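# Coordinate inspection notes
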Amino acid sequence: MNRGALLKVVEAKYTRADLPEFRPGDTVRVAYRVKEGNRTRVQNFEGIVIKIKRNGYNTSFTVRKVSYGVGVERIFPLNSPLIEKIEIVQRGRARRAKLYFIRELSEREIRRKLRADRKRIGQDQERAQVAKEEAEAAQDATQAASEGEPSPE
């Protein structure tokens, strides 16, 4: 077994599969666990994904937001156990893989450049609808099964 295959086998245990698929141009809200002293809390960071660096387990993504007129960028390791969840707020249609050029643009220009990707938003809604229907069907099946059995009294 070569070194790359061995690394994939070892890293597969730590790779997260519970996070949604997103691309540069999407607006995401990252819930990140922060430790302050002896307490931990969840801090949300919402902004536009400007870069995804894909390197197997070491994949990371950069999120940029403007806070009180100052641009703030934060790099998150994708497979970090400190990330509680990633929520996609808006799908964006970008023509490039790295969106460094938005650093010089105003909020209005960014909105114009990164139009909402209606096709991917529709696909997300369809997936959510199918998942909801499957959950309801599973709940109905378990409810019917429990009604058929006599109570344990």
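Per an unreviewed UniProt entry, the protein carries the name Large ribosomal subunit protein bL19 and comes from Thermus tengchongensis. The Function (unreviewed entry) comment attached to the protein in UniProt states, word for word, "This protein is located at the 30S-50S ribosomal subunit interface and may play a role in the structure and function of the aminoacyl-tRNA binding site."

### Examining the pairing of strand β3 (residues 60-67)
Regular strands show a simple pattern: their side chains alternate between the two faces of the sheet. One ladder, built from five bridges, connects strand β2 (residues 39-53) with β3; its direction is antiparallel. Residue pairing for β3: Lys51 is matched across the bridge by Thr62. Count of turn residues in the β2/β3 antiparallel hairpin: six residues, of which Gly56 carries a positive phi of about 65°. Sheet analysis places β3 next to strand β4 (residues 70-77), joined by eight bridges and oriented antiparallel. Bridge pairing links Val66 to Gly71 in β4. Between the end of β3 and the start of β4, which pair antiparallel, lie two residues, with Tyr68 showing a positive phi angle near 55°.

### A word on the nonpolar core
Looking at soluble globular proteins, one finds that nonpolar side chains tend to be buried together. One finds Phe22, Val30, Phe61, Val63, Phe76, Ile83 and Ile86 to be the most contacted residues of the largest nonpolar core, which totals 15 residues. Taken together, the elements giving at least two residues each to this core come down to β1 (27-36), β2, β3 and β5 (83-90). In terms of residues, this core owes the most to one element, β1, which gives four residues. Counting residues in hydrophobic clusters, the runner-up holds six residues, among them Leu99, Ile102, Ile110 and Leu114.

Calculation rules
- Residues numbered from 1 in each chain as written.
- Predicted model: local features only at pLDDT ≥ 70, side-chain atom pairs only at ≥ 80, totals over all residues.
- Heavy atoms only, no water.
- UniProt positions renumbered as here; feature names shortened; annotations may be inferred.
- Pairing = 2+ DSSP bridges.
- Helix = DSSP H or I, 4+ residues; strand = E, 2+ residues; numbered from the N terminus.
- Core = buried A, V, L, I, M, F, W, Y, C linked by side-chain atoms within 4.5 Å.
- Buried < 20%, exposed > 50% of the residue type's maximum accessible area, 1.4 Å probe, protein only.

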